Protein chains: 2
Amino acid sequence: MSKCFGVDIGGTTVKLGMFTEDGTLEYQCEIPTRKDNGGSLIIPDICAKITEILTVNSLTKADVMGVGLGVPGAVTEDGIVLKCVNLGWDIFKVADKFKEIFGEVNVKCANDANVAALGEMFKGSGEGKKDMVMITLGTGVGGCVIVNGKILAGVNGAAGEIGHMPMNDDEEDTCGCGKKGCLEQYGSATGVVKVTKRILASAEGESCLKDMEDFSAKDVFDAAKSGDKIANMAVEELGKYLGKAAAQISCVVDPSVFIVGGGVSKAGQFLIDRIVKYYKEYALFASVDTPFTLATLGNDAGIYGAAALILS
Amino acid sequence: MSKCFGVDIGGTTVKLGMFTEDGTLEYQCEIPTRKDNGGSLIIPDICAKITEILTVNSLTKADVMGVGLGVPGAVTEDGIVLKCVNLGWDIFKVADKFKEIFGEVNVKCANDANVAALGEMFKGSGEGKKDMVMITLGTGVGGCVIVNGKILAGVNGAAGEIGHMPMNDDEEDTCGCGKKGCLEQYGSATGVVKVTKRILASAEGESCLKDMEDFSAKDVFDAAKSGDKIANMAVEELGKYLGKAAAQISCVVDPSVFIVGGGVSKAGQFLIDRIVKYYKEYALFASVDTPFTLATLGNDAGIYGAAALILS
């Protein structure tokens, strides 16, 4: 039975997974991402690691039905990276380079955020869903729109850039994109902290957060879960921004499910409940019951999604 | 050379067009929509008219490659109308009924608003574009999202319902959908009048609209074009709501073009310029240059789009 490799190339480590034809993960490992020499060692390292995995498992290159690669940057379908600052790559024919070193094999490439969403659709909380929106709440707010099983890229590659939906005309701070009032300024980990600090500065009442020199988004959720009033006000505000944005998204693409992932989503069902509360207030009646679920694959979403580039 | 018929079934009239295989409109006419007997005469009337057109042009049913029908309600791809209040239809197998009367022929059905958008993509201002968003500013605000040449319906049929994107938390009036602050409450013909009346009630200064007992959206645009300050404030507000909503839409689907149609769009480039002004303020840099164009087919968009169901 032939194998498929899903490879998630990150700025620090490369994750590799070996899958069966039906998408079962049989083996996984990590290697460091060597960024020396303009990132020229990364693809050779991956090829060497796959060859090693094959040897250990008494397999040959003929057993490999394909290799999917998730890349942290813009990449065309036929495997040309347009620029990848984190890896030191400029315009670079990744798929061609891979085949040159490894030998002839089916290679597919896609952006890492999109690949993670594909992974959730393939074997995670979106399994079996063909039309979904993934909301990734991390350092920033990312998104991925999947229509009929395919990632919607957009004419300028900006489809799914939901972190930059304009949400608040009164914002005075500037977002990383240069505008003011983007969803990312409220829904990201740094956004949660900023919103909480604003509430702390203006609202009455005690809060355990006042005693902390500095605090993280996790601290805010932990405090909220233990009943802290100020922290709960911050989580309400987060839920309102995300619920409203999701309602706007439903009026555009009307997905079958919203999947919430990223570091902030570790707050779990507590966070989901707040988003859903406001989503139901803002959504059109036709799509008011659209479910919200937590991403389930965590850091493995990338290798599953990379494998899905070959297997689905 | 065989012919295709595009039929746009409206609440008052049915528009019919005969097209060549390459989508050239050769002949068009209208018949009244007879809604007696639960709308049971409508399909027989259409079949009779098509037969008459064929006879006049020395053609037979064998020359008909297909018939596309635009229906004012929800309809499945295989031609089952789910309900159509305006025509008196309940659940009704339109395509089957058509074939029963006319004889075996390729029949395709779609919702009329979606068909109009398809028409603009087929032979109107979206010609050659495969990824576009149509914004229809009429009695309400409608929309249609086209991805890779196909209408995006959404899981609940609510994709493209951009008129109900939540835009203003401070609105006190209720929208037809039951929520408050929907785009439709500002961007529709009635919305423009309402916004203008609010500004008239609070803003300083003279306005020709103050002398009118009642006025329409067209009156507001005419006054704005002639330099009326209050009317221009209303058009700015309209542009701001539509430009912001379009920027949000771009963060979700990132289309190649926005096509603006419907009665309010008769205000022309004057309206487009105001929308674009605010779109550029709110849009993410990647999609800041997405063009906005006026729909060009007007009332003929429906027959072109219905033909496109067969021809494209």
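Just so it is clear, the model here is predicted, and its values are computed rather than measured.

Engineer: What's the story with the overall build of chain A in this structure? I'm lost.
Structural biologist: Looking only at helices and strands, one finds ten helices and 13 strands in chain A. Here chain A has a C-alpha radius of gyration of 21 Å; the compact-globule value for 312 residues is 20 Å, and the two agree. Expressed along its principal axes, the backbone C-alpha trace of chain A runs to roughly 65 × 45 × 35 Å. Buried residues in chain A amount to 56% of all 312 residues.

Engineer: How do you make sense of the sheet that holds strand S6 (residues 80–83) of chain A when you look at a structure like this?
Structural biologist: By way of backbone hydrogen bonds, the strands of a sheet pair with one another, either parallel or antiparallel. Ordered by their spatial adjacency, three strands build an open sheet running S5-S6-S7 (chain A), and the pairing between neighbours is antiparallel. In the strand order of this sheet, the two ends are held by strand S5 (74–75) and strand S7 (92–93) of chain A, each with one partner.

Engineer: Help me understand helix H6 (residues 189–202) of chain A, please; the structure alone is not making it clear to me.
Structural biologist: Note on helix geometry: an α-helix contains 3.6 residues per turn, so any two residues three or four positions apart are oriented the same way. Residues and elements named next belong to chain A. The terminal C-alpha atoms of H6, which comprises 14 residues, lie 21 Å apart, in line with the 20 Å expected from a rise of 1.5 Å per residue. Burial in H6 covers these residues: Gly191, Val192, Val193, Val195, Thr196, Ile199 and Leu200. Packed against the buried residues of H6 are helix H5 (184–187), helix H7 (217–225) and helix H8 (229–253).

Engineer: Looking at this structure, I do not really get the sheet that holds strand S12 (residues 257–261) of chain B. What am I missing?
Structural biologist: Residues and elements named next belong to chain B. In space, the five strands of this open sheet follow the order S11-S10-S9-S12-S13, with mixed pairing throughout. Looking at the sheet topology across the chains shown, the edges are occupied by strand S11 (150–151) and strand S13 (292–294). Against the sheet, helix H4 (residues 112–123) engages strand S9 (132–137), strand S10 (141–147), S11 and S12, with an angle of about 55° to S10. Those strands touched by helix H9 (residues 269–282) are S9, S12 and S13, and its axis lies near 165° from that of S13.

Engineer: What should I look at first to understand the relation of the copies chain B and chain A in this one?
Structural biologist: Two copies of the chain are present, and they differ by a rotation about an axis and a shift along that axis. Overlaying chain B with chain A gives an RMSD of 0.1 Å, the required rotation being 180° about an axis along which the chain moves by 0.0 Å. Classification of the inter-copy transformation places it as that of a two-fold axis. Looking at chain B, 100% of its interface residues are interface residues in chain A too, so the copies touch through the same face.

Engineer: What should I look at first to understand the domain arrangement of chain A in this one?
Structural biologist: Size of an interface, as often reported, equals the accessible area lost when the parts are brought together. Residues and elements named next belong to chain A. When cut into domains, chain A gives domain 1 (3–118 + 300–311) and domain 2 (129–296). Here the C-alpha centroids of domain 1 and domain 2 sit 31 Å apart. Roughly 430 Å² of surface becomes buried between domain 1 and domain 2 when both sides are summed, with 76% attributable to carbon and sulfur atoms. Broken down residue by residue, the surface that domain 1 buries against domain 2 is led by Asn114, Ala117 and Leu118, which jointly contribute 87%. At the boundary of domain 1 with domain 2, the tally comes to zero salt bridges. Taken together, the links from domain 1 to domain 2 amount to zero residue pairs in polar contact (both at pLDDT 80 or more). Each residue belonging to the side of domain 1 that touches domain 2 can be placed in one class, and the counts come to three nonpolar, one polar and no charged.

Engineer: Mind showing me how you'd approach the pairing of strand S2 (residues 13–20) of chain B here?
Structural biologist: Both faces of the sheet carry side chains from a regular strand, because those side chains alternate between them. Residues and elements named next belong to chain B. Buried residues dominate S2, accounting for seven of its eight residues. Sheet topology note: the strand S1 (residues 3–9)/S2 ladder contains seven bridges and is antiparallel. Looking at the pairing, Lys3 lines up with Thr20 of S2. Where S1 folds back onto S2 in an antiparallel hairpin, the turn is made up of three residues. Judged from the seven bridges that link them, S2 and strand S3 (residues 25–32) form a sheet pairing that is antiparallel.

Engineer: Sorry, what's going on with H8 of chain A here?
Structural biologist: All names here are of chain A. Its 25 residues place the ends of H8 36 Å apart at the C-alpha level, agreeing with the 36 Å of an ideal helix rising 1.5 Å per residue. Counted residue by residue, H8 has 21 buried out of 25 residues, so it is predominantly covered. Two to three positions downstream of the cap, the backbone nitrogen of Ile230 sits 3.3 Å from a side-chain oxygen, assigning the N-cap of H8 to Asp228.

Engineer: I would appreciate a short explanation of the interface of chain B and chain A in the present structure.
Structural biologist: The interface of chain B with chain A comprises 41 residues on the first partner and 41 residues on the second. Linking chain B to chain A there are four salt bridges. Among the salt bridges present, the one from Asp169 of chain A reaches Lys240 of chain B, with a minimum N-O distance of 3.7 Å. The tally of links from chain B across to chain A stands at 23 residue pairs in polar contact (both at pLDDT 80 or more). Where the side of chain B that touches chain A is concerned, the elements lending two or more residues are S10, helix H8 (229–253) and H9 of chain B. Looking at side-chain class alone, the side of chain B that touches chain A contains 23 nonpolar, ten polar and eight charged residues.

Procedures and definitions
- Residues numbered from 1 in each chain as written.
- Chains lettered and ligands numbered in written order.
- Predicted model: local features only at pLDDT ≥ 70, side-chain atom pairs only at ≥ 80, totals over all residues.
- Heavy atoms only, no water.
- Helix = DSSP H or I, 4+ residues; strand = E, 2+ residues; numbered from the N terminus.
- Rg over C-alpha atoms; globule rule 2.2 N^0.38 Å.
- Buried < 20%, exposed > 50% of the residue type's maximum accessible area, 1.4 Å probe, protein only.
- Pairing = 2+ DSSP bridges.
- Expected span 1.5 Å × (residues − 1).
- Contact = heavy atoms within 4.5 Å.
- Axes fitted to C-alpha atoms, helices over the stretch in contact; angles between N-to-C directions.
- Least-squares fit on C-alpha atoms with pLDDT ≥ 70 in both.
- Domains from an automatic or database assignment.
- Buried area = accessible area lost by both parts, 1.4 Å probe.
- Salt bridge = Lys/Arg side-chain N within 4 Å of Asp/Glu carboxyl O.
- Polar contact = N/O pair within 3.5 Å; in protein donor to acceptor, adjacent residues only side chain to side chain.
- Nonpolar A, V, L, I, M, F, W, Y, C, P; charged D, E, K, R; others polar.

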